[in-house]
4 protein chains.
Amino acid sequence: MILITGASSGLGAALAKCYSDDNQQVIISGRNTRRLDAIAQALGANTCAITADLTSDASVSALFDQVEQAQQKQQVQQAPSRLHTVIHCAGSGYFGAIETQNPAAIAELLQNNIMSAIMLVREAVKRYRDQAVNVVVVMSTAAQSAKAGESTYCAAKWAVRGFIESVRLELKGSPMKIIAVYPGGMDTGFWPTSGKALDTSSFMSALEAADMLKHALVSTQHGYVADITINRA
Amino acid sequence: MILITGASSGLGAALAKCYSDDNQQVIISGRNTRRLDAIAQALGANTCAITADLTSDASVSALFDQVEQAQQKQQVQQAPSRLHTVIHCAGSGYFGAIETQNPAAIAELLQNNIMSAIMLVREAVKRYRDQAVNVVVVMSTAAQSAKAGESTYCAAKWAVRGFIESVRLELKGSPMKIIAVYPGGMDTGFWPTSGKALDTSSFMSALEAADMLKHALVSTQHGYVADITINRA
Amino acid sequence: MILITGASSGLGAALAKCYSDDNQQVIISGRNTRRLDAIAQALGANTCAITADLTSDASVSALFDQVEQAQQKQQVQQAPSRLHTVIHCAGSGYFGAIETQNPAAIAELLQNNIMSAIMLVREAVKRYRDQAVNVVVVMSTAAQSAKAGESTYCAAKWAVRGFIESVRLELKGSPMKIIAVYPGGMDTGFWPTSGKALDTSSFMSALEAADMLKHALVSTQHGYVADITINRA
Amino acid sequence: MILITGASSGLGAALAKCYSDDNQQVIISGRNTRRLDAIAQALGANTCAITADLTSDASVSALFDQVEQAQQKQQVQQAPSRLHTVIHCAGSGYFGAIETQNPAAIAELLQNNIMSAIMLVREAVKRYRDQAVNVVVVMSTAAQSAKAGESTYCAAKWAVRGFIESVRLELKGSPMKIIAVYPGGMDTGFWPTSGKALDTSSFMSALEAADMLKHALVSTQHGYVADITINRA
């Protein structure tokens, strides 16, 4: 069983489709129940939707409770299906020269990207640190370099990177692994909602990125792919 | 004239003392009016205190309005005294293994460190991007590496670093400069309030660090010291 | 057609096996003709061996000449087989506290790791910068962090990283791509020859790492996996 | 007593002048005896010149032997003068798109920058790791980021950075400190000899950079400035 956050659009929705097409049990999560349900319905019986606000620890905890209930129900009905992977895609963008950025929008950006990642990883560590669960945290190439016009977005993404690199040190020797993913810009609904006008027609589609990510997320008995950067060609 | 934030304790207060002893006009800011006033009084006539909540853009804007009023008043009374340096020391610490950290305390940590730095730099850029103003942003060595037991603190500090590195790109060619300072742990009140029990008796004192920083903050006609890491011996 | 350097042992030899098993045309290269021939023979008809000293530009140029001849011969005999991927695995290790390291061994380490990577990438760029050729440069997690006891090895690996990150900027807009790979320690002959005594029985085998890398090296029309870190579990 | 390498021109020569003007005992080193002697003569009685080829461990060892002899002679004649600081400025530049770079010039660049830094630091650690000696390693902003047209220069500088960051870990708890300095481009003879045509008239002069560096190299009982980046204004 795979839990995907931020799955109501973009890379999250595309990953849900990839894994669902592969006949895996997929739980998709997001804040927008209507959009989420539409996606779950389109994907079929092996997908279920759970609405959650990841910036709230209570909502994150409730999400994992529901995941565990779904897991148990699954195990009764058919072959055992343990939650082995969480892919955290939730996040939002906000851009512009710093002097033009709006304080409320900045605060929301930090919540959507930093607080949500912290709450999600914190709950996963609380529940699964002694289990072989992979927590895949999708950030952005903006977590790896500074960018003019993206100062607060870089702040948010660098924060998540500093956070997970530190949690990795805390998980040393634990079977739980954190996998860091840094995708470049994709041709998704992300840009229109971020306020940045861009011609993204030559960008990779969310499905292209999802397909690459699914292939690259491999592990063996003694090792695993821990960091993945996906660039535009 | 120098504006120092987070000046009611620790490195900020020590820097205020160093610059005040050097007969510079110093404006100290912090959230705790009582502590701030006590420090201003101890330092003497060239120091004045302005209370501000840096997580609020309105409060940051009011702070700079008051700085500019103080500046004008100063210029009437005596030799001209232009605001040439802002040293941002405000911040707080919060530590512990991620599964033991409290969501409300995490949210407060992010506000105190990320939102305050963004609001301060944003207002400074709005007002002074075409002036020779140095904005010195004091972070921590936690902005440069990951640390077990400091995951959310690293998140906060990496965020500030990613933010200022990006704003630097936006300021290319501008006379305003951003200087990044990364001090190691000091023997200050920071640790008791952070919840981390440490023997800090061999750490550098805030005055030692302030003295080093004051010496290292140099510039010439064509160059300036842009990044400074201060380590424990 | 795939060219693999450093293929007479370790990850290079394991990758040769993976791609050969997958019925790809594989050219393996190394300095030790005898070992190289033994591997080529073990792998079968779709593999051929070309001895080369990558620290010499003449030898690197001769290697690519032979690759192109093999390519043409291949195209006459059967389906066209263009060189689409170069995987650079060549390198060596040398460890110890800096004051115990031997100058001649240090010089050899730098040659084996830095000069070879520069010569190989330089020749590839000269020949193929306008073609869709992927140059996969295998480094080490020692290229991503500092390590006590590995100072000159880190020097060598950081050098290669700084080099390829810069060449990437020069290749902007070119169909040639450079892919950076950072594997953690593997259970190979690398350690005995490096002078570092380690129990590597829990490390991933070269075949495990090769298998993961082969899966993770994916690309689509508009994007590609550009950086891959493979950690020990 | 201060030892400055690469002191026959540029930043090294400027630092020699700054410290000599400050009445410190200065030993300058370089490969060109004639230029070195001319500088020593211009600077006066507190400066002496020792020719050395830092890429040779025998020559580096001989250099430190002569420094120790000079130290003893000094201590007989007047006030004790212990070697407390080594400033390593030696290095050279070589630029251009990778496909245009010459293999012999690349090899020389790596020797001049990487091998010299390793040999110098190695010898200093061998002799002084239990003494309060500061080894200041001057690199370049090219050690901190990738640059098109500077791929092999970045390789060399990233190597030195990876090296000293690792040696720092080996020196943990030792009174010997390594200080890392990253200056931006200066208006010196470096550029004409590097083959890069640049208008450097607005760059900082070597004396400006030397003056800033001298101020920024501060330490106290419990701390020290460990990393310094000097940017162009």
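Every value quoted in this text rests on a predicted model; they were computed, and no experiment measured them.

(A) Main features of the relation of the copies chain B and chain D. Taken as rigid bodies, chain B and chain D are interconverted by a rotation of 180 degrees and an axial shift of 0.0 Å, the fit giving an RMSD of 0.0 Å. Read as a symmetry element, the transformation amounts to a two-fold axis. The rotation axis passes nearest to the C-alpha of A216(B) in chain B, at a distance of 1.9 Å. When you check the interface residues of chain B against chain D, 100% turn up at the interface there too, and the contact is symmetric in its surfaces.

(B) A look at the interface of chain B and chain A. At the interface, 37 residues of chain B touch 37 residues of chain A. Summed over both partners, the interface of chain B with chain A buries about 3,000 Å², with 74% contributed by carbon and sulfur atoms. The tally of links from chain B across to chain A stands at two salt bridges. Ionic pairing is found between E99(B) and R129(A), a salt bridge with its closest N-O pair at 2.9 Å. Where chain B packs against chain A, one counts ten residue pairs in polar contact (both at pLDDT 80 or more). Put simply, the parts of the chain that give the side of chain B that touches chain A at least two residues each are α4 (103–128) and α5 (151–170) of chain B.

(C) Focus on unusual backbone geometry. Residue and element names in this part refer to chain A. Located in the positive-phi region is N23, a residue other than glycine, with phi close to 65 degrees. With respect to the element layout, N23 can be found in the loop between α1 (10–21) and β2 (26–30). Given the relative accessible area of 67%, N23 is considered exposed.

(D) The arrangement of the confidence of the model for chain A in detail. For chain A, mean pLDDT is 94; residues scoring 70 or higher make up 97% of the total. We note a pTM of 0.96 for the whole complex and an ipTM of 0.95 for its interfaces.

(E) Layout of the pattern of salt bridges. In this structure the tally under the stated criterion is 32 salt bridges over all chains. With a shortest N-O distance of 3.5 Å, R168(A) and E165(A) are connected by a salt bridge. Here R168(A) and its partner E165(A) are both found in helix α5 (residues 151–170), three residues apart, which amounts to about one turn of the helix. A salt bridge links D22(D) to K214(D), with the nearest nitrogen and oxygen atoms 3.2 Å apart.

(F) Structural detail: the nonpolar core. Ranked by size, the top nonpolar core spans 105 residues in total, and within it F64(C), I118(C), F64(D) and I118(D) carry the most contacts. In terms of residues, this core owes the most to one element, helix α4 (residues 103–128) of chain D, which gives 14 residues. Not counting the four nearest positions on each side in its chain, I118(C) is found in contact with F163(C), I98(D), I106(D), L110(D), T152(D) and A155(D). Grouped together as the second largest cluster of nonpolar side chains are 103 residues, L54(A), L120(A), A159(A) and F95(B) included.

(G) Representation of the interface of chain B and chain D within the structure. Taken residue by residue, the interface counts 24 residues in chain B and 24 residues in chain D. Counting each side, the surface lost to burial between chain B and chain D is near 2,100 Å², with a carbon and sulfur contribution of 57%. Looking at the side of chain B facing chain D, the largest losses of area belong to M212(B), H222(B) and A233(B), adding up to 27% of the total buried there. Joining chain B to chain D, the criterion identifies zero salt bridges. Summed over the shared surface of chain B and chain D, the result is 14 residue pairs in polar contact (both at pLDDT 80 or more). Looking at the side of chain B that touches chain D, the elements with two or more residues in it are α7 (206–216) and β7 (223–232) of chain B.

(H) Representation of the environment of I27(B) within the structure. Residues and elements named next belong to chain B. Note that I27 resides in strand β2 (residues 26–30). Classification of I27 as buried rests on a relative accessible area of 1%. Between the C-alpha atoms of I27 and E150, which are 123 residues apart in sequence, the distance is 32 Å.

Reading the values: the criteria
- Residues numbered from 1 in each chain as written.
- Chains lettered and ligands numbered in written order.
- Predicted model: local features only at pLDDT ≥ 70, side-chain atom pairs only at ≥ 80, totals over all residues.
- Heavy atoms only, no water.
- Least-squares fit on C-alpha atoms with pLDDT ≥ 70 in both.
- Contact = heavy atoms within 4.5 Å.
- Buried area = accessible area lost by both parts, 1.4 Å probe.
- Salt bridge = Lys/Arg side-chain N within 4 Å of Asp/Glu carboxyl O.
- Polar contact = N/O pair within 3.5 Å; in protein donor to acceptor, adjacent residues only side chain to side chain.
- Helix = DSSP H or I, 4+ residues; strand = E, 2+ residues; numbered from the N terminus.
- Buried < 20%, exposed > 50% of the residue type's maximum accessible area, 1.4 Å probe, protein only.
- pLDDT = per-residue confidence, 0-100.
- Core = buried A, V, L, I, M, F, W, Y, C linked by side-chain atoms within 4.5 Å.

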